[in-house]
Structure formats: C-alpha cells, structure tokens
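Understanding the architecture of this molecule
One-letter residues, chain by chain:
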Amino acid sequence: MGEEFRFADDLGPTKVIHVYEPSVGLRGTLVVDNVATGPSIGGLRMAPDVSTEECFRLARAMTMKNAAAGLPHGGGKSVLYGDPRCEPAQKERLVRAMACALGDVGDYIFGPDMGTDEVCMAWVKDEIGRSVGLPRELGGIPLDELGATGFGLAHAVDVAAPHCDFEVDGARAVIQGFGSVGLHAARFLGERGVRIVAVSDSRGAIAEPAGLDVDALVELKRDGRSVSDLPGATAIDPEALVDVECEVWVPAARPDVIHEGNVDRLRTKLIVSGANIPMTDAAERILHERGVISVPDFIANAGGVICAAMEYAGSTQTAAFESIAERIRANTAQVLDDVKRRGVLPREAAVDLAASRVRTAMTMRRWSVF
Ligand code: NAD
C-alpha cells in the first residue's frame, strides 16, 4: 500500500478528499471514515494547522462515538485550512466554497467544530442542504445553550452510582471546567440533589464542602465572569481540585488532566468524562485497579452528537432530550456490566461495544462483502 494509506485499517477511512480553489483561497480536507451505520456526521474544523492524519483520527473518534451512541450515522471530519478569526466576509466565502466543493459527497453531514458555529452551518445548509447544529430559526436545537451534553452526563451518573455504592441524592461532585458542558452538568446534577463542592474554570477554582450555589455560578458565567468571583467562596489552587473529596469527579475542560503524576491524589468513587480524553491510559488503568469507576468520554459525553442527529432527523427538542437520556443510560449500563463480567477497563468495554456495532453493520453492506 502507498504512503497515502498509512493510517487505513479494516474500518476505514472510506474516503479522503482534498479540495482546492485558488480563486477564493480554499484548501480543505474531508475524511469519511466509516459509513456502515449511515451517512457520517462530524464537525467542520477551521484551523491553520491540522494534518490529514489528525483529521482521520478525529473522523475515527466520530465513528466510535456515533456507533457507541447507537446512531444511524458513521464518522467523518473535515478541515478548512485558515484563520477562523479572519475577516467575516472571507470566512463566509471559504465556508460556502468548502460546502460547494463537497456538496456531492452525500455520505458526509457537516456539523460545527472548533472555529465554526451555527451561522457557518446555516451557510452550508444554504449551499448544499446538509448540515447539523443549525440556528433555531432553521430548525436547529441549540445544544450548548440547552446543555445536551451536561444532561447526558447526569444520566450517566444516575446509572453508575449503584455500581459505586453511593446514592445520587446527597452525593458530592467536583467539576473541572464551567463552560457549555460543566455548567449544565452542575445544573442537572444539582436538580438530583447532588452538592457541587468544588468547581474551576480557566481563571480559578473554588470549594465549599456544604455545596456551592449553582444558580449564582450560572449567573456569573452568563455575565462573562469567573467562578472565582462568587462572593464568599473559598479560593483553592486549581491544581488542588483533584484533592477534593467527593463521590463524582467530572472533567469538563482539557485533555490529559488526570495523569500518572496526580491520579493517586483523587478521592472519588466515580469519574464521568465530559471532556474528550481527559485521562491518560496509565491513569485510567491505575484508577481501575483501585476500584474507581470511570465512564469513558464517548459514552458519557455523547449528548451533543445525539442531539445533532435528532435535529437532522427533524425531531423536537423534547424528543432529542428523551433520546439522550435513553441512549446514555443504556450504554452506560452495558459498558459497566461488561466491565464487571470481563474485568476489562471501561474504555476497552466501550471500544468493543462501538466496534462490534460497526462490524455488524459492515456485514450488511455490499462493499464489505465483495
Ligand atoms: P467551553 O469552551 O464552553 O468550556 C470550557 C471550560 O473549561 C471553560 O469554563 C474554561 O474556562 C474552562 N477551562 C479551560 N481551561 C481550563 C483549565 N486548565 N482548568 C480548568 N478549567 C479550564 O467548552 P465545552 O463545550 O464545555 O467543552 C469542554 C470539553 O468537553 C472539551 O474537551 C470538548 O471537546 C468536550 N465536549 C464538548 C461537548 C459539547 O457538547 N460542548 C460535547 C462532547 C465533548
């Protein structure tokens, strides 16, 4: 096989397409990884420096996430090379040109990602009639504003709690990152009687053993301020968030925040991952050996993509949220039961669940047989 197939394996990618239109300065790449379960959904990332290989890895992550969520969609990802903060008229030209160049690739549905937003998705829809993450006026369900991912995380906590011997009502949670995911996780956990005992954002961290006032924190963030501006809160070193005793620890900020250097300091029974890859493999193994359960990112944080798929199917907001609850509860239960039965790591169980769904779907597709 040639150099261009160096990252191909038995699952994909099925298509790698580079598009180039010098008259508008368009340079872009699309990777459609696997479409056995249906047309792929994945974000359009606008960035100056993403490689084809990284685009493939992001597309594969979407294959696994969409399959794990049981969606009728495969995984794909696209990259538009450029500065997302360029002049707005130029950004619109580039996004529209990217959509037109890929308009006939019917097995890829554009979604928003780093550097693109709902307005970009409206331009794509206008050009080719195929995108998710749209403005409400075009039938979109504003998943970050509504907290689709945080809502799903709270359901994962419900299902995992009995596996970790604690009651959700009255449990303590620590949340790292207080943006679209963390803020709504706090809100939905709070509704279940969980005390949020420590939170952080990029500007600071605070703790309160009796439980923080979540409504006041939400107000602060809506005013563009930091959680550390909460009156009367005790400031702590953001690094000390891992030391706060709790039943649930929710990473909702950056990758690799739990690693071999700090994993032994965690005093929690359950980790439910809002952020993508918040733990190194080594840290995950150490936690597993200590009996701490972690619900992997692409199981727990699938609320956003489930919401997007439901939007694409023309569903209402209510139906989308019902689907998030149903799918995340079922998948969390399946993964944790598998962990108990086979003694594998939760991530291994989750990968097996997703890959077996993809492979079963592949047996029903002509191109996988001939
Ligand atoms: P966001 O930008 O809305 O919020 C990120 C939050 O993390 C902010 O409060 C920011 O201040 C904080 N933060 C940044 N660096 C920090 C640090 N070093 N320590 C503590 N806090 C820090 O982003 P988001 O949409 O909430 O996404 C958070 C994570 O979840 C990302 O990894 C994202 O890929 C992942 N994710 C998001 C969704 C979604 O629906 N938005 C879905 C799946 C996964």
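Residues numbered from 1 in each chain as written. Predicted model: local features only at pLDDT ≥ 70, side-chain atom pairs only at ≥ 80, totals over all residues. Heavy atoms only, no water.

**Points about the sheet that holds strand β10 (residues 248-251)**
Strand order in the open sheet formed by 7 strands is β9-β8-β7-β6-β10-β11-β12, and the pairing between neighbours is mixed. With partners counted over all chains shown, the strands left at the sheet margins are β9 (234-236) and β12 (293-295), one partner each. Neighbour to neighbour, the strand axes of the sheet diverge by 20° on average, direction disregarded. By the bridge criterion, 4 bridges tie strand β7 (residues 195-201) to strand β8 (residues 204-207) in an arrangement that is antiparallel. When the sheet's bridge partners are listed, Ser-200 is paired in β8 with Ala-205. In the packing of helix α5 (residues 148-160) onto the sheet, the strands contacted are β10, β11 (270-272) and β12, and the crossing angle to β11 comes to about 155°. (Pairing = 2+ DSSP bridges. Helix = DSSP H or I, 4+ residues; strand = E, 2+ residues; numbered from the N terminus. Axes fitted to C-alpha atoms, helices over the stretch in contact; angles between N-to-C directions. Contact = heavy atoms within 4.5 Å.)

**A short note on the environment of Ala-349**
Among the secondary structure elements, Ala-349 is positioned in helix α12 (residues 346-363). Note on Ala-349: relative accessible area 2%, which makes it buried. Considering only alpha carbons, one finds Ala-349 and Leu-183, 166 residues apart in sequence, at a separation of 28 Å. In this structure, Ala-349 is in contact with Val-335, Asp-338, Val-339, Arg-342 and Val-344, ignoring residues within four places of it in sequence. (Buried < 20%, exposed > 50% of the residue type's maximum accessible area, 1.4 Å probe, protein only.)

**As for the sheet that holds strand β2 (residues 26-34)**
In spatial order, the strands read β1-β2-β4-β3-β5; together these 5 strands make up an open sheet with mixed pairing. Each end of this open sheet is capped by a strand with a single partner; those strands are β1 (15-21) and β5 (108-112). Each adjacent strand pair in this sheet contributes to an overall mean axis angle of 25°, direction not counted. As judged from the 5 bridges shared by strand β3 (residues 40-47) and β5, these two strands associate in the parallel manner. What sits directly across from Ser-40, in β5, is Tyr-108. Running over the sheet, helix α1 (residues 52-68) touches β1, β2, β3 and β4 (75-81) and is turned about 150° from β4.

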